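Residues per chain are reported as follows:
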Amino acid sequence: MVSAQPGVHWEPHWEPSEHGMCNPCSVISVAEAVSRLDDVAQRPVVALLAETFAAAGFELALVGGPVRDAFLGRTVDDLDFTTNARPAQILALVAPLASTTWDVGRDFGTIAAQVRGERVEITTYRADAYDGETRKPIVAFGDSLDDDLHRRDFTVNAMALRLPQRQLVDPYGGIEQLLSQTLDTPGAPAVSFGDDPLRMLRGARFTSQLGFVVSDRVREAMTEMADSIEIVSIERVADELVKLLRTDNPVPGIRVLVETGLADRVLPEVPALRLEVDEHAHHKDVYEHSLTVLTQAIDLERSRSLPGAPDVVLRFAALLHDIGKPATRRIEGGGAVTFHHHDVVGAKLATKRLRALRLDNDTIKSVARLIELHLRFFGYSDQAWTDAAVRRYVRDAGDELERLHILTRADVTTRNRRKADRLDFAYDDLESRIAQIQEAEGIAAVRPDLDGADIMRLLGIAPGPVVGEAYRFMLELRLDEGPLEPAEAEARLRQWWQERPTPENDPA
């Protein structure tokens with residue numbers, strides 16, 4: 001059992017105390033956290049590694065996230081260790097114990113392995129720093145656990161559990177920071193961010209992930225050093241933005257990025273939403289509206305049990321759905337503000353930005369499609385759509401239909417309760433009609449009654465542009481009139497072929 005003597009004991013610069021709750025994470029009592037750490041230390045894989053490294057004369061400590069999460073009452077899944085052993089020595093010790101090893105991070109001092117069914121990562125005490133010109137960190141190995149902790153990104157991650165001694169090492173007050181729900185750095189923020197500017201984005205992510213606030217000095221350093229994020233590879237930047245959007249509440253982190261100027265460098269379309277509002281030209285605060293839409297989309301994602309949640313495609317679309325507004329803003333007579341075609345412009349801007357972030361093509365295409373379609377529904381409540389219009393809505397949404405349902409509903413942020421209820425009722429009605437037509441006609445994947453092979457066989461033509469033209473005619477017929485009987489579909493195709501006013505209707 002963990003206790004001050006023997007077992008896990010302290011090396012902090014403060015006296016432990018009992019504290020309450022934070023949101024979204026619970027900071028549990030120190031005694032409970034120590035008990036949880038003791039349980040982790042007794043896991044077979046942890047005990048085995050501790051004994052192996054000690055027998056070889058090397059230090060080993062569980063470090064960072066696992067220790068932090070024990071104090072937050074979260075499940076400890078990741079097993080990250082640090083040691084004074086060099087990468088080759090780590091590999092030599094771990095390989096006989098592991099079913100698989102990976103040394104893809106060897107140049108940075110990290111060896112990963114699968115040991116007794118659990119993935120572990122073991123890293124040599126190190127310091128990462130950029131030379132200020134290239135995007136690659138300079139790696140220097142160290143020999144001191146305290147020095148290694150001092151180089152960690154944030155104080156809450158600068159705690160370790162020495163093994164096999166089970167000695168809790170907290171030289172920079174990480175537990176104090178956890179209890180005060182504050183994000184700070186072990187040393188000067190400028191030094192930490194100079195070592196790796198990506199830590200500024202990680203800080204923004206942690207405000208969302210942990211529910212903490214950044215300290216004043218960290219915020220100041222982020223603001224002053226925002227330009228330095230440009231030396232970090234775009235892939236690492238994109239990975240942090242995706243991780244931020246995947247948190248339960250990305251909004252606090254997005255606010256940090258915008259307020260410090262980091263968003264101007266990595267996602268400039270978002271701070272651009274803070275449009276200047278003329279006192280005579282009234283419109284919604286587009287920036288605040290977009291953050292509200294993102295929050296509401298996440299709520300709907302959960303309540304509707306969207307597959308694949310947390311859904312990065314939906315969340316990017318919600319955050320960026322109005323980024324076309326700054327470019328399309330016009331003030332009409334009487335002070336009315338319009339944003340004509342901001343959906344189309346926004347889809348193009350989103351495509352450009354996400355390509356710059358080097359996201360995958362499927363994500364980019366889906367986000368752009370949702371932004372392009374997000375206004376399609378509005379007006380349905382004023383004039384009920386025909387069945388053909390409903391079919392086209394389903395056809396145009398394609399695989400994004402459920403996401404489009406969520407985005408469209410989330411886009412209603414009016415404080416006018418009557419208007420909100422009217423739009424909600426109208427969308428309920430649209431979804432009901434879609435379900436009815438899908439059940440009756442099978443329009444989940446709208447296809448014509450005759451496919452390309454049928455068209456070529458019936459018209460006696462070879463593959464070519466004319467087949468595509470005939471296919472599009474049959475698809476429009478399907479959308480306008482619903483499914484046709486086979487004989488009727490064939491008759492309509494032949495009629496179209498006979499009436500087609502081009503010389504190409506000669507089947508020769």
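Description of helix H4 (residues 87-94)
The set of residues buried in H4 consists of Pro87, Ile90, Leu91, Leu93 and Val94. Around the axis of H4, the buried residues are gathered within 165 degrees of arc, so they sit on the same side.

A closer look at the confidence of the model for the chain
Across the chain, pLDDT averages 86, with 87% of residues at or above 70. In this model residues 1-24 is a low-confidence stretch, pLDDT under 50, and it forms 58 contacts with partners more than four residues away in sequence or in other chains.

Some points on the environment of Val344
Looking at the secondary structure, you find Val344 in helix H16 (residues 342-356). Given the relative accessible area of 35%, Val344 is considered partly exposed. For the pair formed by Val344 and Ala368, sequence separation is 24 residues and the distance between their alpha carbons is 8.9 Å.

Considering the environment of Pro197
On the secondary structure map, Pro197 appears in the loop between helix H7 (189-195) and helix H8 (198-210). Spatially, the C-alpha atoms of Pro197 and Met222 are 8.9 Å apart, while their sequence positions differ by 25 residues.

Considering empty space enclosed by the protein
With the rule as written, the count across this model stands at one cavity of 30 Å³ or more. Put simply, the largest cavity is a space of about 90 Å³. What lines the largest cavity is simply Leu241, Leu244, Leu245, Ile254, Leu257, Val258, Ala263, Leu267, Val270, Phe316 and Leu319. Listing elements by their share of the lining of the largest cavity, those giving two or more residues are helix H10 (234-245), helix H11 (251-260) and helix H14 (312-320).

Description of the pattern of salt bridges
As enumerated under the stated definition, the model contains 39 salt bridges in all. The salt bridge partner of Arg74 is Asp69, with a shortest N-O separation of 3.8 Å. Accessibility expressed as a relative area gives 26% for Arg74, which makes it partly exposed. Residue Asp299 is joined to Arg302 by a salt bridge in which the shortest nitrogen-to-oxygen separation is 3.4 Å. Of the two residues, Asp299 and Arg302 both sit in helix H13 (residues 286-303), three residues apart, roughly one turn of that helix. A relative accessible area of 41% means that Asp299 is categorised as partly exposed. Residue classification places Arg302 among the partly exposed positions, given a relative accessible area of 42%. Because the salt bridges share partners, they merge into one network encompassing Arg304, Glu402, Arg409, Asp424, Asp428 and Glu431.

A few points about the packing of aromatic side chains
Counted under the stated rule, the structure contains seven aromatic pairs. Here Trp496 and Trp497 contribute two aromatic rings whose centre-to-centre distance is 6.2 Å and whose plane-to-plane angle is 40 degrees, an arrangement assigned as tilted. Exposure class is identical for Trp496 and Trp497. Each is buried. Put simply, the rings of Phe154, Phe193 and Phe206 touch in pairs and so form one group of aromatic residues. Above the ring of Trp102, the side-chain terminus of Arg119 is found at 4.5 Å from the ring centroid.

Criteria and thresholds
- Residues numbered from 1 in each chain as written.
- Predicted model: local features only at pLDDT ≥ 70, side-chain atom pairs only at ≥ 80, totals over all residues.
- Heavy atoms only, no water.
- Buried < 20%, exposed > 50% of the residue type's maximum accessible area, 1.4 Å probe, protein only.
- Helix = DSSP H or I, 4+ residues; strand = E, 2+ residues; numbered from the N terminus.
- Arc of directions from axis to C-beta.
- pLDDT = per-residue confidence, 0-100.
- Contact = heavy atoms within 4.5 Å.
- 1 Å grid on protein atoms, 1.4 Å probe; cavity = no way out; pocket = protein on both sides within 12 Å on 5 of 7 lines; lining within 4 Å.
- Points joined across faces, edges and corners; volume = space filled by probe spheres on them.
- Salt bridge = Lys/Arg side-chain N within 4 Å of Asp/Glu carboxyl O.
- Phe/Tyr/Trp six-rings, centres within 6.5 Å; stacked < 30°, edge-to-face > 60°.
- Lys NZ or Arg CZ within 6 Å of the ring centre and 35° of its normal.

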